[in-house]
2 protein chains.
Amino acid sequence: MFEIHPQLTKDCHSLGRLASGHLLLHRNAEVTWFILVPETEAVDLLDLPPGELQRVMDDCQMLSAYLKQELNFPKVNFGAMGNVVPQLHLHIIGRTPDDVCWPRPVWGNLPEGKTHSAEAIHTFKNTAKRIADGESC
Amino acid sequence: MFEIHPQLTKDCHSLGRLASGHLLLHRNAEVTWFILVPETEAVDLLDLPPGELQRVMDDCQMLSAYLKQELNFPKVNFGAMGNVVPQLHLHIIGRTPDDVCWPRPVWGNLPEGKTHSAEAIHTFKNTAKRIADGESC
């Protein structure tokens, strides 16, 4: 039984299931920050077997397209570290030159700030469902 | 004619050409920090067409395997931001719990420190050549 690391559960809202894993949304709404937790025992992104890596990257590309095409973010930051939370998780983050920590990376630099409204979370959950439904067609 | 961004040239040693692009090594030797610059006009990793993304990820996986299997790094951080240098470039970084900025990401947190010896750079260039030769078999 796959379980999401408790630190990620604490930091994020759960949005649903995509083909490669579980989609989370960081509670800090200063930027739009998705976290994808693939269902795997691998701990580093680049350790994934090629087919599994491709499935994960497909999901990340769909999330990035949503951030750019529907939310109009000009830039998407992507990262996989796991130095603090060892469970593999990928960061897909919409950035703009006028966000609170531009041009620095968000990790360690994002001040506590806005939170997502219930309505915004509902919209993101629908997006996750839309991506997952498209994948299962 | 593809040109590497001058900020990357300033920050890095050039190691050679892989299938997807140019391999650089950050001059700061406190961690072993590869930077791959794909030959593309795309500016965000997740905007690459799937075939091109796969070629890039293949190179990143080979660099990660080298860091883990030959240099014994227990952890590899991976990131693609481009908030400061807009040209697409990927970070593939060997990390250990006893490096100078663990567990923080290296970006903005790595103190000026050791530099690579000429011998070390020579070894890394041979590694780049070995990976590229393997790819062209």
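One can find the structure itself at the top, above this paragraph.
Residues numbered from 1 in each chain as written. Chains lettered and ligands numbered in written order. Predicted model: local features only at pLDDT ≥ 70, side-chain atom pairs only at ≥ 80, totals over all residues.

Caption draft 1: Structural view of the overall build of chain A. The helix and strand tally for chain A stands at three helices and five strands. Going from N to C terminus, chain A has its helices and strands arranged as α-β-β-β-α-β-β-α. Computed over its C-alpha atoms, the radius of gyration of chain A comes to 14 Å, within 12% of the 14 Å expected for a compact globule of 137 residues. For the C-alpha atoms alone, the extent of chain A along its principal axes is close to 35 × 35 × 25 Å. Looking at chain A as a whole, 42% of its 137 residues qualify as buried. By sequence separation, contacts in chain A at least 24 residues apart represent 56% of the contacts at least 6 residues apart. (Helix = DSSP H or I, 4+ residues; strand = E, 2+ residues; numbered from the N terminus. Rg over C-alpha atoms; globule rule 2.2 N^0.38 Å. Buried ≥ 20, exposed ≤ 12 C-beta atoms within 10 Å, placed from the backbone. Contact = placed C-beta atoms within 7 Å.)

Caption draft 2: Structural detail: helix H3 (residues 118-136) of chain A. All names here are of chain A. For H3, spanning 19 residues, the distance from its first C-alpha to its last is 27 Å, which sits close to the expected 27 Å at 1.5 Å a residue. Within H3, burial applies to Phe-124, Thr-127, Ala-128 and Ile-131. The buried residues of H3 occupy one face: seen down the axis, they fall within an arc of 95°. Turned more than 90 degrees off the buried face of H3, the exposed positions are Ala-118, Glu-119, His-122, Thr-123, Asn-126, Asp-133 and Ser-136. Residues of H3 that are buried in the fold lie against strand S1 (12-17), strand S2 (21-26) and helix H2 (50-70). (Expected span 1.5 Å × (residues − 1). Arc of directions from axis to C-beta.)

Caption draft 3: The arrangement of the pairing of strand S5 (residues 90-95) of chain B in detail. All names here are of chain B. Within S5, six of the six residues are buried, leaving the element largely enclosed by the surrounding structure. Of the two faces of S5, the one holding Leu-90, Ile-92 and Gly-94 and the one holding His-91, Ile-93 and Arg-95 are both buried throughout. Here strand S3 (residues 32-38) pairs with S5 via five bridges, running antiparallel. Its bridge partner being in S5, Phe-34 is matched across the sheet by Ile-92. (Pairing = 2+ DSSP bridges.)

Caption draft 4: Expanded view of the relation of the copies chain B and chain A. Least-squares fitting of chain B to chain A yields an RMSD of 0.0 Å, with the superposition described by an axial translation of 0.0 Å and a rotation of 180°. Here the copies are linked by what is in effect a two-fold axis. Across chain B, the rotation axis passes nearest the C-alpha of B:Gly79, at a separation of 2.1 Å. Of all interface residues in chain B, 100% are interface residues in chain A too; the two copies therefore contact each other through one and the same surface. (Least-squares fit on C-alpha atoms with pLDDT ≥ 70 in both.)

Caption draft 5: A look at the interface of chain B and chain A. Listed by partner, the interface residues are 25 residues for chain B and 25 residues for chain A. When contributions to the side of chain B that touches chain A are tallied by element, the ones reaching two or more residues are helix H2 (50-70) and strand S4 (75-80) of chain B. Residues belonging to the side of chain B that touches chain A are distributed by class as follows: 14 nonpolar, seven polar and four charged. Here three bridges tie strand S4 (residues 75-80) of chain A to S4(B), and the two strands are oriented antiparallel to one another. Among the inter-strand pairings, A:Phe78 is bridged to a residue of S4(B), identified as B:Ala80. (Nonpolar A, V, L, I, M, F, W, Y, C, P; charged D, E, K, R; others polar.)

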